[in-house]
Amino acid sequence: MVDSTWDPITSSTLVTFVNAGGRAILQYWNLSAETSLAAAFKATVAQNITTPMPVYDWGGTPLFTGLSSPVSLVETIFTLDGQKLQPAAGGQGVAGYTSAATPNQAALVVGNSGRTLLNGFLVEDFGTLSDAVRFAQNEIDYLFALPPVITGHPQSQTVAVG
């Protein structure tokens, strides 16, 4: 999980990790300056946001379980409060700044076959601490969900050679 609210990051290691099959959650205030980082998470930055906007669940994931839609974000101490995103090939916008999926309005992109989550907003801007914690837990649960459990045993078979 990468959360760089104040300081610029060196993104090359994270890009390499994600491109090699790693799982990651990212929110980064300076994403618009890191096009290769956004691309690794299967998105592009359409616009920076300087005032927090409500985030609407566009459906299709359990990421907003236990939260109302829209999630209210409030102004805190940050000058840059996120980005409007556009999913690229291999990415899917699952939440946005509009009530329905709209180009260049994604707030959350799931990419790389579900291995990456890119937040275009700051979790620190959530209106309540309990909503921020619930959302963070939902993201962690989504990204690191346990694999399916085999509940039955396959039947033994004998196969003739040739």
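Nothing here was measured: the structure is a model prediction, and the numbers come from that model.

Draft legend 1. Structural context of the nonpolar core. In this structure, Val-55, Phe-64, Leu-108, Phe-121, Phe-126 and Phe-135 are the most contacted members of the largest nonpolar core, which totals 21 residues. At the level of secondary structure, the elements contributing two or more residues to this core comprise β6 (91–96), β7 (106–111) and α3 (129–143). The contact partners of Phe-64, leaving out residues within four places of it in the chain, are Val-55, Asp-57, Val-71, Ala-95, Leu-108, Phe-135 and Asn-138. If you look at the next biggest cluster of nonpolar residues, it comprises 17 residues, including Tyr-28, Leu-31, Leu-37 and Ala-43.

Draft legend 2. Expanded view of the environment of Ala-107. Summarising the element assignment, Ala-107 is placed in strand β7. Judged by relative accessible area, which is 0%, Ala-107 ranks as buried. Residues Ala-107 and Trp-58 lie 49 residues apart in sequence; the distance between their C-alpha atoms is 9.9 Å. With residues near it in sequence (within four places) discarded, Ala-107 still touches Val-55, Leu-85, Ala-95, Gly-96, Tyr-97, Leu-118, Asn-119, Gly-120 and Phe-121.

Draft legend 3. Main features of the environment of Ala-106. As for its placement among the helices and strands, Ala-106 is situated in strand β7. Classification of Ala-106 by relative accessible area gives buried; the value is 1%. Through-space distance from the C-alpha of Ala-106 to that of Val-45 is 9.4 Å; in sequence the pair is 61 residues apart. Excluding residues within four positions of it along the chain, Ala-106 makes contact with Trp-58, Gln-83, Lys-84, Leu-85, Pro-87, Gly-93, Ala-95, Gly-96 and Tyr-97.

Draft legend 4. Main features of the pairing of β7. Among the six residues of β7, six are classified as buried, and the element is accordingly described as predominantly covered. With five bridges connecting them, β6 and β7 associate as antiparallel partners. Among the inter-strand pairings, Gln-92 is bridged to a residue of β7, identified as Val-110. As defined by bridge partners, β7 adjoins strand β8 (residues 116–119) across four bridges and the pair is classed as antiparallel.

Draft legend 5. Seen up close, α3. Across its 15 residues, α3 extends 21 Å between first and last C-alpha, which sits within 8% of the 21 Å expected from 1.5 Å per residue. Residues of α3 that are buried: Ala-132, Phe-135, Asn-138, Glu-139 and Leu-143. Projected down its long axis, α3 shows its buried positions confined to an angular sector of 125°, all on one face. In this structure, α3 carries Leu-129, Ser-130 and Val-133 as exposed residues pointing more than 90 degrees from its buried face. Buried positions along α3 lie against β2 (24–28), β7 and β8.

Rules of the game
- Residues numbered from 1 in each chain as written.
- Predicted model: local features only at pLDDT ≥ 70, side-chain atom pairs only at ≥ 80, totals over all residues.
- Heavy atoms only, no water.
- Core = buried A, V, L, I, M, F, W, Y, C linked by side-chain atoms within 4.5 Å.
- Buried < 20%, exposed > 50% of the residue type's maximum accessible area, 1.4 Å probe, protein only.
- Helix = DSSP H or I, 4+ residues; strand = E, 2+ residues; numbered from the N terminus.
- Contact = heavy atoms within 4.5 Å.
- Pairing = 2+ DSSP bridges.
- Expected span 1.5 Å × (residues − 1).
- Arc of directions from axis to C-beta.

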